[in-house]
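# Examination of the molecular architecture
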Amino acid sequence: MRASRHDPLHLDVAAFAAEGQQLSGQWPGSLLARLVEVQVPPQDGALAEVDWQAQGERLAVPGSEPEIWLTLTVSTPVWLTCQRCLQAMALPLTLNRRLRFVSGESQAEAMDAELEDDVLALSRSLDLRDLVEDELLLALPLVPRHEVCPQPLPMAADLDVLPDEPAGKPNPFAALRSLKTGGSGSGSD
């Protein structure tokens, strides 16, 4: 089953899982407002579409209530700033998450602390777009960096002169560096 591109998608997760349903679709990247806020696309670039798929599953457990699971697969590139060269970079994100749903918030917290599985409290209605956006935000790297930056980084020797200062005027930290390495300072004591 395909979902609409723009309508919010609210699921009754218990029914979705009980019937083993599957949904898939694409959303314009601009619809995920919180994800838009952290991105820095090039001026002429638009945000890419978010491809997603959701599969519900209800697993029988002997002597217990059946377990309710939701599997999410999400793929989209995001535009972040490389923290090494400070240039925009497109980072492909691909997520495969299995989420287990339990009856209440306290049970979810207790199980989440004990298990490696992602555990959420079951609610009557789940906004799938919000869940996908949450998972994408959690998957963002803390310090985004190119594998290899597209432009060479300035070497430490090039940093002896500040970029805004006229040539010949030393960086004040160059004097500290020379003290550390045993050389003489700027010559003025």
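Before reading on, note that the structure itself is shown above.
About the criteria used
Think of each chain on its own: its residues are numbered from 1, step by step along the sequence as written. Confidence filtering applies because this is a predicted model: local features only for residues at pLDDT of at least 70, side-chain atom pairs given and counted only at 80 or more, and all residues used for totals across whole chains, interfaces and linings. To obtain the side-chain values, all non-hydrogen atoms of the structure were included, while hydrogens and water were left out. Aromatic pairs are defined between Phe, Tyr and Trp rings, using the six-membered ring for Trp, whenever the two ring centres lie within 6.5 Å; interplanar angles under 30 degrees are classed as stacked, those over 60 as edge-to-face, and all others as tilted. Numbered from the N terminus, helices here are DSSP runs of H or I no shorter than four residues, and strands are runs of E no shorter than two. Relative accessibility under 20% of the residue-type maximum defines a buried residue, over 50% an exposed one, and the middle range a partly exposed one, all with a 1.4 Å probe and only protein chains included. Throughout this description, the term charge over a ring refers to an Arg CZ or Lys NZ atom that lies within 6 Å of the ring centre and within 35 degrees of the ring normal. A pairing counts as a salt bridge when a side-chain nitrogen of Lys or Arg comes within 4 Å of a carboxyl oxygen of Asp or Glu. Multiply 1.5 Å by the residue count of a helix minus one, and that product is the helix's expected span. The definition of a polar contact used here is a pair of N or O atoms within 3.5 Å, where within protein one atom must be able to donate a hydrogen and the other to accept one, and adjacent residues in sequence count solely through side-chain atom pairs. Any two strands with at least two DSSP bridges between them are considered paired. Think of each axis as a best-fit line through the C-alpha atoms, taken over the contacting stretch in the case of a helix, with angles from 0 to 180 degrees between the N-to-C directions.

### Quick look at the packing of aromatic side chains
Applying the stated criterion to the full structure yields one aromatic pair. Ring plane angle 25° and centroid distance 4.7 Å describe the contact between Trp27 and Trp52, whose orientation is recorded as stacked. Of this pair, Trp27 sits in strand 2 (residues 22–27) while Trp52 sits in strand 3 (residues 50–59), and the two are 25 residues apart along the sequence. Judged by its relative accessible area of 0%, Trp27 falls in the buried class. On the accessibility criterion, Trp52 (3% relative accessible area) is buried. Here the guanidinium or amino end of Arg98 rests over the ring plane of Trp69, the centre of that ring lying 4.4 Å away. The positively charged end of Arg129 is found above the aromatic ring belonging to Trp27, 5.2 Å away from the centroid.

### Brief notes about the pattern of salt bridges
The full count for this structure, using the stated rule, is five salt bridges. Across the pair Glu133 and Arg34 runs a salt bridge, and its minimum N-O distance is 3.2 Å. Linking Glu133 in helix 4 (residues 128–139) with Arg34 in helix 2 (residues 33–37), this pair joins segments that are 99 residues apart in sequence. Bridged by salt links that share partners, the residues Arg34, Glu133 and Asp134 form one connected network.

### Description of helix 4
Count 3.6 residues to each turn of an α-helix, and residues three or four apart come out pointing the same way. Taking 1.5 Å of rise per residue, the 12 residues of helix 4 would be expected to cover 16 Å, and the 17 Å separating its terminal C-alpha atoms lies within 8% of that figure. Inspection of helix 4 places Leu128, Arg129, Leu131, Val132, Glu133, Glu135 and Leu136 among the buried residues, and these make up the whole buried set. Here helix 4 starts with a cap whose side-chain oxygen sits 3.0 Å from the backbone nitrogen of Arg129, and that cap is Asp127.

### Some points on the sheet that holds strand 6 (residues 118–121)
Across the sheet, which stays open at both edges, the five strands sit in the order 2-3-4-5-6 with mixed pairing between neighbours. Each having just a single partner strand, strand 2 and strand 6 make up the two edges of the open sheet. With direction set aside, neighbouring strand axes in the sheet form an average angle of 25°. Looking at chain direction, strand 4 (residues 67–81) and strand 5 (residues 88–102) are connected through 14 bridges and run antiparallel. Across the sheet, Pro77 pairs through a bridge with Pro92, a residue of strand 5.

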